[in-house]
Amino acid sequence: PDASLLAYAPDAGGGIVVVDLTGKAKPRHIATKPVDVREIHFAPDSRRLAWRVDVEAEQERRDRIESLDLAAPDAKPAVLATGLPADVSFQGFGQDGKSLLVFAYDGDNSQLRRLGLDGKTLGQQAVSAFTDAILASSADRYLPSPANDTLVLAGTGVRPTPAMTPWLSDTGSALFLCDLGSGTNYRLTPRQLVAFFPAWTPDGQRIYFVGLKESPAYGTPHLYRMNADGTGLTDLGKGTVPSVGTRP
């Protein structure tokens, strides 16, 4: 929450490196086997880090989610969930840091699943229960709100505007705020903007994302910021793949 830690997967050696941006501690390398790491997420209080490991055995992907207690200097990674198929992606921690949200893509039968830190399924919900007739894909994002466990920020496919069709090689993409409790959703981004790579602020009050305007064709990606209800949309200039922290 104070933006003092950075976690990333290095090109050389694999695994994860955790950097203390205050300079109080040396970078910490976390080895993984296999070395390929996918989604990386901090718990809301930043005391725990979790990630998905890309495991391929006998030409079949059966991934796993691992976690590390960052508050314990000598802690080793613990396996939280195993045997995950390739079409499952790790979306982040629940508000209390005691659960994980994963997206299981299966076309019209796609689901969100909440797992405990022991890997057991706490509950699951069909994506169709809280989204409209959208163009779902395995690249969709369903990021849990840091401030409310019933809210999810969804980045998913939509039909592009006519002006986008000549240059957009795939479907369009938009951001929605979904309420898992009521089964409702609200489109946050305008139809004239392709929106992807969303990120919450740690307090759940704002959203950052990458956007492409419908014109000019093949334009440059820009970073955008808006309030969690879609108001206050602001173009911040050129950029991609935001990740947001705060400082006291």
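Calculation rules
Residues numbered from 1 in each chain as written. Predicted model: local features only at pLDDT ≥ 70, side-chain atom pairs only at ≥ 80, totals over all residues. Heavy atoms only, no water. Salt bridge = Lys/Arg side-chain N within 4 Å of Asp/Glu carboxyl O. Helix = DSSP H or I, 4+ residues; strand = E, 2+ residues; numbered from the N terminus. Buried < 20%, exposed > 50% of the residue type's maximum accessible area, 1.4 Å probe, protein only. 1 Å grid on protein atoms, 1.4 Å probe; cavity = no way out; pocket = protein on both sides within 12 Å on 5 of 7 lines; lining within 4 Å. Points joined across faces, edges and corners; volume = space filled by probe spheres on them. Pairing = 2+ DSSP bridges. Axes fitted to C-alpha atoms, helices over the stretch in contact; angles between N-to-C directions. pLDDT = per-residue confidence, 0-100.

Draft legend 1. Spotlight on the pattern of salt bridges. Counted by the stated rule, this structure contains 4 salt bridges. Arg38 serves as the salt-bridge partner of Asp54, at 2.5 Å between the closest nitrogen and oxygen. With Asp54 in the loop between strand 5 (48-53) and strand 6 (56-57) and Arg38 in strand 4 (residues 37-42), this pair connects stretches of sequence that are 16 residues apart. Residue classification places Arg38 among the partly exposed residues on the basis of a relative accessible area of 39%. A salt bridge links Asp63 to Arg52, with the nearest nitrogen and oxygen atoms 2.4 Å apart. Of the two residues, Asp63 is situated in strand 7 (residues 60-69) and Arg52 in strand 5; the sequence distance between them amounts to 11 residues. Judged by its relative accessible area of 6%, Arg52 is buried. Residues joined in a network through salt bridges with shared partners are Glu39, Arg52 and Asp63.

Draft legend 2. Inspection of the layout of surface pockets at higher detail. In this structure, the second largest pocket spans a volume of roughly 280 Å³. Lining the second largest pocket are 15 residues; nearest its centre among them are Leu5, Val18, Asp20, Ala25 and Leu70.

Draft legend 3. Spotlight on the pairing of strand 5. Most of strand 5 is tucked away, with 5 of its 6 residues classed as buried. Direction of pairing for strand 4 relative to strand 5: antiparallel, over a ladder of 4 bridges. Of the residues in strand 5, the one forming a bridge with Val37 is Val53. The hairpin turn running from strand 4 into strand 5, its antiparallel successor, is 5 residues long, and Ser46 in that turn takes a positive phi close to 65°.

Draft legend 4. Representation of the sheet that holds strand 1 (residues 5-8) within the structure. An order of 1-2-3 is seen for the 3 strands of this open sheet, with the pairing classed as antiparallel. In the strand order of this sheet, the two ends are held by strand 1 and strand 3 (28-30), each with one partner. Strand-to-strand twist in this sheet, taken as the mean axis angle between neighbours without regard to direction, amounts to 20°. Note that strand 2 (residues 16-20) and strand 3 share 3 bridges and pair antiparallel. Across the sheet, Val18 pairs through a bridge with Arg28, a residue of strand 3.

Draft legend 5. Focus on the sheet that holds strand 18 (residues 206-213). As summarised here, the arrangement of the 4 strands in space is 17-18-19-20, forming an open sheet in which the pairing is antiparallel. For this open sheet the edge positions go to strand 17 (193-200) and strand 20 (234-238), each flanked by a neighbour on one side alone. With direction set aside, neighbouring strand axes in the sheet form an average angle of 30°. Here strand 17 pairs with strand 18 via 6 bridges, running antiparallel. Bridged to Ala195 within strand 18 is Gly211.

Draft legend 6. Molecular detail of the confidence of the model for the protein. Of all residues in the protein, 98% have pLDDT values of 70 or greater, and the mean over the chain is 89. For the protein, strand 6 is the element with the lowest average pLDDT, namely 66, and strand 19 (residues 222-227) is the one with the highest, namely 96.

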